[in-house]
Amino acid sequence: MINPTYILQAKNLTKIYGENVIFQDVSLDVHKGETIVIIGPSGTGKSTLLRCLNLLTPLNSGQIFLEGQEITAQGVDADQVRQKIGMVFQNFLLFNHLTALGNVMIGLTKVKKMPTEKARQKALYELERVGLLDRADHYPAQLSGGQQQRVAIARALAMDPLVMLFDEPTSALDPELIGEVLGVMEQLAREHMTMLVVTHEMGFAREVADRIIFMEKGRIVEQGSPEDLFERPQHARTREFLGKISELYGKKAK
Amino acid sequence: MVSQFFSYILQGTSVTVAVTLVALPLGLLIGLLLALFYNYGGFWVSRLAAVYSLVMRGVPPIALLFILYFLLSGRLINLSPFWAGSISLGIISSAYQMEILRGALQAVGEGQMTAARAVGMSRLQAIRYIIIPQAIRLAIPPWSNEASIVLKDSSLVYALGVPEILRRAQQLSATTQQPFLAFGAAALIYFILVFLVNRGLDLLAEKTKLPSATA
Ligand SMILES: Nc1ncnc2c1ncn2[C@@H]1O[C@H](COP(=O)(O)OP(=O)(O)O)[C@@H](O)[C@H]1O
Ligand SMILES: [Mg+2]
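Along every chain, residues carry numbers that run from 1 in the direction the sequence is written. Whichever chain is written first is A, and whichever ligand is written first is 1; the rest continue in order. Reporting in this predicted model follows two pLDDT cut-offs: at least 70 for local features of residues, and 80 or more for side-chain atom pairs to be given and counted; totals over whole chains, interfaces and linings ignore these cut-offs and use all residues. Side-chain numbers here rest on the full set of heavy atoms in the structure, without hydrogens or water.

Asker: Help me understand the nonpolar core, please; the structure alone is not making it clear to me.
Answerer: Inside soluble globular proteins, nonpolar side chains tend to come together where they are buried. The biggest cluster of nonpolar side chains holds 114 residues, and the ones touching the most others in it are I39(A), L53(A), L127(A), I153(A), M164(A), F166(A) and L196(A). Residue contacts are defined here by distance: any two heavy atoms, one from each residue, within 4.5 Å place the two residues in contact. Residues within four places of L53(A) in sequence aside, it is in contact with L8(A), A10(A), L13(A), L28(A), I64(A), I71(A), I85(A), L165(A) and L196(A). What makes a nonpolar core is a set of buried Ala, Val, Leu, Ile, Met, Phe, Trp, Tyr and Cys residues whose side-chain atoms join them at distances within 4.5 Å. Here's how the labels work: a residue is buried when its accessible area is under 20% of the maximum for its type, exposed when over 50%, partly exposed in between, all with a 1.4 Å probe on protein chains only. Listed in part, the 24 residues of the second largest apolar core include L65(B), L156(B), V162(B) and L201(B).

Dropping the structure here:
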């Protein structure tokens, strides 16, 4: 039976590209309101995992359950599933021909078929949530990277998702712009939004995450609370990775 | 005398404009469909579009025009020379417009499709609301070039006896023995039409241009 306390559950996910096994038998249980940070070396399959979770990329095998419903079952409308799972990308991917407001509205008007005025109000509310009400009529090219990413978060939030997936949301940002995006994410965590965050920001992981998952070569090596992982890592590979990451990012984070 | 002369050729202008107004939108419609097939269709659909483009662009327009003309005003379908000629020109142009639009669709980038799917849009919705509006903007400058080519190539229907500018110039040249004046007037009219079309599309490009860098 599916445990209803899990909002998202992945069972034995396997993804293969050609001859390359990207990940194998990955299982994951996400509680409602939980913030999970996924860390691991690049090329490990973190992005592919997130893309599989909201059905942007087909799996080779395994099952995914959202609120107890299997979304990998035959005949499930993937477009409807994606409405309920928000996604934020490393390179923002705002719709270039739309203003910030337009970016947040379009999913409401075209996907949810919400009346324009209602959609506008909702979009303005979401922009306010990320602190960008005053940039509503700016086009992506007129916004800084940090602002673009916050609009992207608002765009995803507008759909009232059950879960938010973040794929290295600050990796493409200049250091001075990282804070504003992490700030918005921290606020979401406080509001008990369920979040899966792939990031190298160890400060964020330590402060905000309920659980940290260390992935390597397509496998979950270790997972636990930030204290457990940072203070008492069980595996040598975890220790090594954390050592390397703090060398690389440690100075920047402070 | 000169004004009469000129007005006779000028009457062909409406025919030239009409041929273009049939051929260009028809070519745009077919070209857009083919470009979408090429970019988003499966393997075979995409191959088919590519072969269509290759063949259509590899044959002189006048040869295609005759072939299509005899198909369109033959026993099965029997269109007037004007319609058969205009539709044929549209079909010829569709291959070139397909190439323009295919490039523009590709230039929009895979990420825009991914982001659109991520908010729950279907492929079709993403193409319609996200990809095409951006691709059209990118396509305007090369499309402006194709528009002037179609405008000039509309003179090919002359070979089917449609009384457009060039045919009238030819007739005048024969009857008045003033070839320089006749063809000169025709050339001037073509030039003005092409100029207007290009200016119009430049303005459209300017109007729909997205703001760039931060002010
Ligand atoms: N569309 C694809 N086709 C083939 N291989 C891919 C594709 N996408 C990702 N990969 C491969 O999958 C592996 C994992 O990539 P990714 O999920 O991006 O890792 P991470 O996000 O952890 O850096 C990489 O080796 C990458 O080359
Ligand atoms: Mg990645």
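Now, onward.
Asker: Can you help me understand the site of ligand 1 in this one?
Answerer: Residues and elements named next belong to chain A. Think of it this way: one heavy atom of a residue within 4 Å of a molecule or strand is enough to make that residue near it. Contacts to ligand 1 come from Y17, I22, P41, S42, G43, T44, G45, K46, S47 and T48. K46 is positioned such that a nitrogen or oxygen atom in its side chain is 2.9 Å from an oxygen atom of ligand 1. To be clear on the numbers: accessible area is Shrake-Rupley with a 1.4 Å probe, and residue cover counts the displayed protein chains and nothing else. Relative to its free-state accessible area of 560 Å², ligand 1 is covered by the protein chains to the extent of 57%. If you tally residues by element for the shell around ligand 1, the top one is helix α1 (residues 46-53), at three residues. Classifying every residue of the shell around ligand 1 by side-chain character gives three nonpolar, six polar and one charged. Residues adjacent in sequence count toward polar contacts only when both atoms are side-chain atoms; beyond that, a polar contact is any pair of N or O atoms within 3.5 Å, and within protein one must be able to donate a hydrogen and the other to accept it. Secondary structure is summarised from DSSP: a helix means a run of H or I of at least four residues, a strand means a run of E of at least two, and numbering begins at the N terminus for each. When residues are sorted by character, Ala, Val, Leu, Ile, Met, Phe, Trp, Tyr, Cys and Pro go into the nonpolar class, Asp, Glu, Lys and Arg into the charged class, and all the rest, Gly among them, into the polar class.

Asker: I keep staring at helix α2 (residues 43-57) of chain B and nothing clicks. Help me out?
Answerer: Given 3.6 residues to a turn, an α-helix orients residues that are three or four positions apart in the same direction. Residues and elements named next belong to chain B. Taking 1.5 Å per residue as the helical rise, α2 with its 15 residues ought to reach 21 Å, and the 21 Å between its terminal C-alpha atoms agrees with that figure. Here α2 has its buried residues at S46, A49, A50, S53 and M56. Projected down its long axis, α2 carries its buried residues within an arc of 140°, all on one side. Seen from the open side of α2, the exposed residues pointing more than 90 degrees away from its buried face are F43, W44, L48 and L54. Expected helix span is computed as 1.5 Å times (number of residues minus one). To be clear, the arc concerns the directions from the helix axis to the C-beta atoms.

Asker: Help me out: how do you make sense of the pattern of salt bridges in this one?
Answerer: Side chains carrying opposite charge are able to pair once their charged atoms draw close together. Residues and elements named next belong to chain B. When a carboxyl oxygen of Asp or Glu lies within 4 Å of a side-chain nitrogen of Lys or Arg, that pair is called a salt bridge. For the structure shown, the criterion picks out 17 salt bridges over all chains. The partner of R199 in a salt bridge is D202, with the nearest N and O atoms 3.8 Å apart. Here the residue R199 and the residue D202 both occupy positions in helix α8 (residues 179-208), the gap between them amounting to three residues, near one helical turn. Assessed through its relative accessible area of 39%, R199 is described here as partly exposed.

Asker: Please explain the packing of aromatic side chains as it appears in this structure.
Answerer: The description of an aromatic ring pair uses the distance of the two centres, along with the angle that the planes make with each other. Under the pairing criterion, centres of Phe, Tyr and Trp rings, with the six-membered ring standing for Trp, must be within 6.5 Å; the plane angle then separates stacked pairs below 30 degrees from edge-to-face pairs above 60, leaving the rest tilted. Counted by the stated rule, this structure contains six aromatic pairs over all chains. An angle of 85° between the planes, with centres 5.1 Å apart, marks the rings of F43(B) and W44(B) as edge-to-face. The exposed category is assigned to W44(B), whose relative accessible area is 68%. In this structure an aromatic cluster arises from ring pairing among F66(B), Y69(B) and F70(B). If you follow R155(A) out to its NZ or CZ, it ends over the ring of F95(A), 4.5 Å from the centre. Counted as over-ring charges are cases with an Arg CZ or a Lys NZ within 6 Å of the ring centre that also lie within 35 degrees of the ring normal. Over the ring of Y8(B) we find R168(B), and its NZ or CZ is 4.8 Å from the ring centre.

Asker: Please clarify how unusual backbone geometry should be interpreted in this entry.
Answerer: Note: most residues except glycine have negative phi, and most peptide bonds are trans. Residue and element names in this part refer to chain A. In the Ramachandran plot, D25 falls in the positive-phi region, its phi being about 55° despite a non-glycine side chain. One can find D25 in strand β2 (residues 20-31). Here the phi dihedral of H192 falls at roughly 65°; this positive angle occurs in a residue that is not glycine. By relative accessible area, H192 is classed as exposed at 59%.

Asker: Any chance you could explain the pairing of strand β6 (residues 85-88) of chain A here in plain terms?
Answerer: Each regular strand carries side chains that alternate between the two faces of the sheet. Residue and element names in this part refer to chain A. A two-sided burial pattern is seen for β6, the buried positions comprising I85 and M87 on one face and G86 and V88 on the other. Here the rule is simple: two strands pair whenever DSSP picks up at least two bridges between them. The pairing of β6 with strand β7 (residues 163-167) spans four bridges and is classified as parallel. Bridging from a neighbouring strand, V88 pairs with F166 of β7.

Asker: Just to check I follow, could you spell out a nonpolar patch on the surface for this structure?
Answerer: On the surface, a nonpolar cluster with roughly 520 Å² of combined accessible area is contributed by L188(B), F191(B), I192(B), F195(B) and L196(B). You can see L196(B) is positioned in helix α8. Note on patches: the residues involved have over 30% relative accessible area and no salt bridge, like charges join within 9 Å, and the nonpolar side chains Val, Leu, Ile, Met, Phe, Trp and Tyr join within 5 Å.

Asker: What is the right way to read the packing of helix α4 (residues 81-108) of chain B against helix α6 (residues 123-153) of chain B from this model?
Answerer: Residues and elements named next belong to chain B. Geometry is summarised by axes, namely lines fitted to C-alpha atoms with helices restricted to the contacting stretch, and by angles between N-to-C directions that run from 0 to 180 degrees. Running from N to C, α4 and α6 point in directions that differ by 150°, and their axes come no closer than 8 Å. Here α4 lies roughly antiparallel to α6, going by the angle between them. Two packed elements cross with a definite hand, and for α4 against α6 that hand is right-handed. On α6, the residues touching L89, S93, Y96, Q97, I100, L101, A104, L105, A107 and V108 of α4 are I131, I132, Q134, A135, L138, A139, P142, W143, E146, V150 and D153. Considered class by class, the residues forming the contact of α4 with α6 number 16 nonpolar, three polar and two charged. Note on terminology: angles under 35 degrees are roughly parallel, angles over 145 are roughly antiparallel, angles of 65 to 115 are roughly perpendicular, and the others are oblique. The sense of a crossing depends on the near helix, which, turned anticlockwise from the far helix by less than a right angle, makes the crossing left-handed and, turned clockwise, makes it right-handed.

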